[in-house]
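Structural features, examined
Each chain, written out:
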Amino acid sequence: MGNQPVRVAILGTGRISDLHAIEYKQNPKGNIVALCDQNVKQAQSQAEAWGVDDPIISDDYRELLARPDIDLVEILLPHHLHLQAALDAIAAGKMVSLQKPMCMNMEQADILVEAAESYDRPFKIFENFIFHPPVLKAKELVDAGAIGDPISIRIKSNPGKSKTAWKVPAAANAWRQMKDMAGGGPLVFDDGHHKFALAWHFMGMPSDVHAFIGQTEVFKGIYLDAPSMVSFRFPGNKIGNLEVVYSPELEIATRHYAQDDRVEITGTQGVLWINCGHGSIGDPAPLIHYREGNVTEYRDIYAGWEQSFVNSTRHYLDAITEGGAPILTARQGRDVLSFALAAEESARTGQTISF
């Protein structure tokens, strides 16, 4: 790329695109030049809100793929469109950042992994939770032996209500109710990708997954796949779980989704607690470490959820301009997807899914 910024097209300008745009706007290594959405007025509105000069606006991403003045596409489309859009971007010679989950099923994932690994340009599956500052610090501590050998991970997703949450368009909720578009439920499969990525990040791939996935109607025609419990076992006699519950009257401090996320990682010598994600409850330190009778609170870590998007995008721009592999690679994205799909299959069949 030389000294020229990476010229970026945002494909899909829904709610989450605001967070994907932040680092491209402020990092001299990237520059948003084009936006695509079926709702052209929405794309134009986002371009104005982001301060994009002379934006290229289209309702057909293929038009943007054909342009030589676009280097990278950030694909933020509904899940059922991911495979074709990514394959089209590869065929057009573009660098790709594809929003998680990468695909709807393993057959599609295998097709995309083969295409990405035989491609000579950068290809990223966008996952942000592992770039959240409290998570980055927790991983640093784990890798330094601060809790000894990790032996379990407990993750909790807890949506509720919030006076300060952003507004989610009805259309964004609607398509996530349709399995042929979403691939699975909004909490265990869609948001669950973040949580399975955390488990993978700290513990590696599981050997076994077992799940119960419930259902709760939150308002007419809109359901959450909660209460749910997903249990997993890892090689080396290690375990973990993901608990998903909906607390309609639980007030959550957030500027984004009205959801609290908590993680507990236990090791042979200590424990780490990550006390925030989309939002938080109360005023806990973002990260707490216990070992040998001593408690350390890390209150100086910035815990805004948007910073996870900033860090993930920054890592990719650095990989593009300075060399190195993106995180997640296509194969890593496949691993996390297989984790999520195993939970869905286990809940459907009542059986433990082994890898």
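Owing to the predicted nature of the structure, the values given are computational and were not obtained by experimental measurement.

**Thoughts on the overall build of the protein**
Helix and strand counts for the protein come out as 12 helices and 17 strands. Computed over the C-alpha atoms, the radius of gyration of the protein is 20 Å, within 12% of the 20 Å expected from 2.2 N^0.38 for a compact globule of 355 residues. In terms of its C-alpha atoms, the protein occupies a principal-axis envelope of roughly 60 × 45 × 45 Å. Taking all 355 residues of the protein together, the buried fraction comes to 55%. For the protein, long-range pairs separated by at least 24 residues make up 69% of all intrachain contacts whose partners lie at least 6 apart in sequence. Counting 32 positive and 44 negative side-chain charges, the protein places the centres of these two groups 3 Å from one another.

**So, the packing of aromatic side chains**
Counting across every chain of the model gives 9 aromatic pairs. With a centroid separation of 5.8 Å and 25° between ring planes, the pair formed by Phe126 and Phe309 is classed as stacked. Highlighted residues: Phe126 in strand β6 (residues 123-126) and Phe309 in helix α11 (residues 306-322), separated in sequence by 183 residues. Assessed through its relative accessible area of 1%, Phe309 is described here as buried.

**Brief notes about the nonpolar core**
Phe123, Ile153, Phe196, Phe202 and Phe232 are the most contacted members of the largest nonpolar core, which totals 86 residues. Looking at which element gives the most residues to this core, the answer is helix α12 (residues 330-349), with 8 residues. Beyond its immediate chain neighbours, meaning those up to four positions away, Phe232 contacts Ile153, Phe196, Ala199, Pro206, Asp208, Val209, Ile239, Gly240, Asn241, Leu242 and Phe339. If you look at the next biggest cluster of nonpolar residues, it comprises 17 residues, including Ala43, Ala47, Met95 and Leu317.

Parameters and conventions
- Residues numbered from 1 in each chain as written.
- Predicted model: local features only at pLDDT ≥ 70, side-chain atom pairs only at ≥ 80, totals over all residues.
- Heavy atoms only, no water.
- Helix = DSSP H or I, 4+ residues; strand = E, 2+ residues; numbered from the N terminus.
- Rg over C-alpha atoms; globule rule 2.2 N^0.38 Å.
- Buried < 20%, exposed > 50% of the residue type's maximum accessible area, 1.4 Å probe, protein only.
- Contact = heavy atoms within 4.5 Å.
- Lys, Arg positive; Asp, Glu negative; His and termini not counted.
- Charge placed at Lys NZ, Arg CZ, Asp CG, Glu CD.
- Phe/Tyr/Trp six-rings, centres within 6.5 Å; stacked < 30°, edge-to-face > 60°.
- Core = buried A, V, L, I, M, F, W, Y, C linked by side-chain atoms within 4.5 Å.

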